[in-house]
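# Close look at the chain arrangement
Each chain, letter by letter, is given below.
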Amino acid sequence: MSAPALEAIGLAKSFGGVRAVSDVSFSVPEGSLTALIGPNGAGKTTLFNLVTRLYEPDAGEVRFCGRPLAGLPPARIASLGLVRTFQAARIFPGMTALENLMVAQHNALMLASGLTILGLIGAPSWRAAERHAIDQAKRWLDRIGLLERADDAAGNLPYGDQRRLEIARAMCTEPALLCLDEPAAGLNARESAALSELLLSIRDDHGTSILLIEHDMSVVMEISDHIAVMDYGVKIAEGLPKTVRDDPKVIAAYLGADEQEAIAVMESSP
């Protein structure tokens, strides 16, 4: 594996008297698709929010491409190339699919417009930036099979299309690291397969590193290069999918059994 795109080092977070994350370290190798998994209540979402700086850690640090993120607001972190989605699709339902992708390019368009002045007079630099933004939005709509629905309200799209639209919107910012919070939640088997294909193409064609939380183990094991596993706020395993899948601690966490029982289950399996 190459150098990490992201490193979490000794992260900890408590809410009142509850320790949600305790001294967790893990990494996202550059150019990899890394999954963060664990049973319900394992602390995955809290860790995800610490990594993307929605929460301030009680201890530890996060480094993105070798740079500490402490003290940086989420908007600044996004401008550095670390972007995320959320468990529920957060599209703009009243905007068209195309407009949703244009919104992601707002900062670049504002800079090209000279903070609106050049845009108002139609300066060449502004027109070129606007054409680039529209072309990029259309390319991503085509990539996710929604080009023919570019002018439809995003809120009228099926849920699976909305999830892919949200990922395409994030990709319009040209991120170095794409963080996805349960992207397969609520999808049927066909939609999950389309999502897997999209994520693999993002990794392979764009070299984008991906970190995702996911409960769908068929998706995780099919597409992940690297997996970290949490249980009760601590990391219990990290490594290649096969190594993690066969780890007694991981099996015990998912079965609700102790480690010796998990080993017995593994030994009795064909």
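Right above here is the structure, for reference.
Given the structure is predicted, the values throughout are model-derived calculations rather than measurements.

Bringing the overall build of the chain into the picture now. In terms of regular secondary structure, the chain is built from 12 helices and 10 strands. With 270 residues in all, the chain has 47% of them scored as buried. Nonlocal contacts in the chain, meaning residues at least 24 apart in sequence, comprise 66% of its contacts between residues at least 6 apart. Total accessible area on the chain is roughly 12800 Å²; 54% of this is exposed by carbon and sulfur atoms.

In space, the six strands of this open sheet follow the order S6-S7-S8-S3-S9-S10, with mixed pairing throughout. Of all the strands in the sheet, just strand S6 (82-84) and strand S10 (234-239) have a single pairing partner and so form its edges. Direction aside, neighbouring strands of the sheet carry axes that sit 15° apart on average. In the packing of helix H1 (residues 44-51) onto the sheet, contacts are made with strand S3 (33-37), S6, strand S7 (177-181), strand S8 (209-213) and strand S9 (226-231), and the angle to S8 comes to roughly 145°. Strands S6 and S7 of the sheet are contacted by helix H7 (residues 159-171), whose axis makes an angle of about 155° with S7.

Over its 13 residues, H7 extends 19 Å from the first C-alpha to the last, a length consistent with the 18 Å expected when each residue adds 1.5 Å. Counting buried residues along H7, 12 of its 13 residues qualify, which places the element largely inside the surrounding structure. Every buried residue of H7 is accounted for by Gly160, Asp161, Gln162, Arg163, Arg164, Leu165, Glu166, Ile167, Ala168, Arg169, Ala170 and Met171.

What counts and what doesn't
Residues numbered from 1 in each chain as written. Predicted model: local features only at pLDDT ≥ 70, side-chain atom pairs only at ≥ 80, totals over all residues. Heavy atoms only, no water. Helix = DSSP H or I, 4+ residues; strand = E, 2+ residues; numbered from the N terminus. Buried < 20%, exposed > 50% of the residue type's maximum accessible area, 1.4 Å probe, protein only. Contact = heavy atoms within 4.5 Å. Areas by Shrake-Rupley, 256 points an atom, 1.4 Å probe, with all protein chains shown as cover. Pairing = 2+ DSSP bridges. Axes fitted to C-alpha atoms, helices over the stretch in contact; angles between N-to-C directions. Expected span 1.5 Å × (residues − 1).

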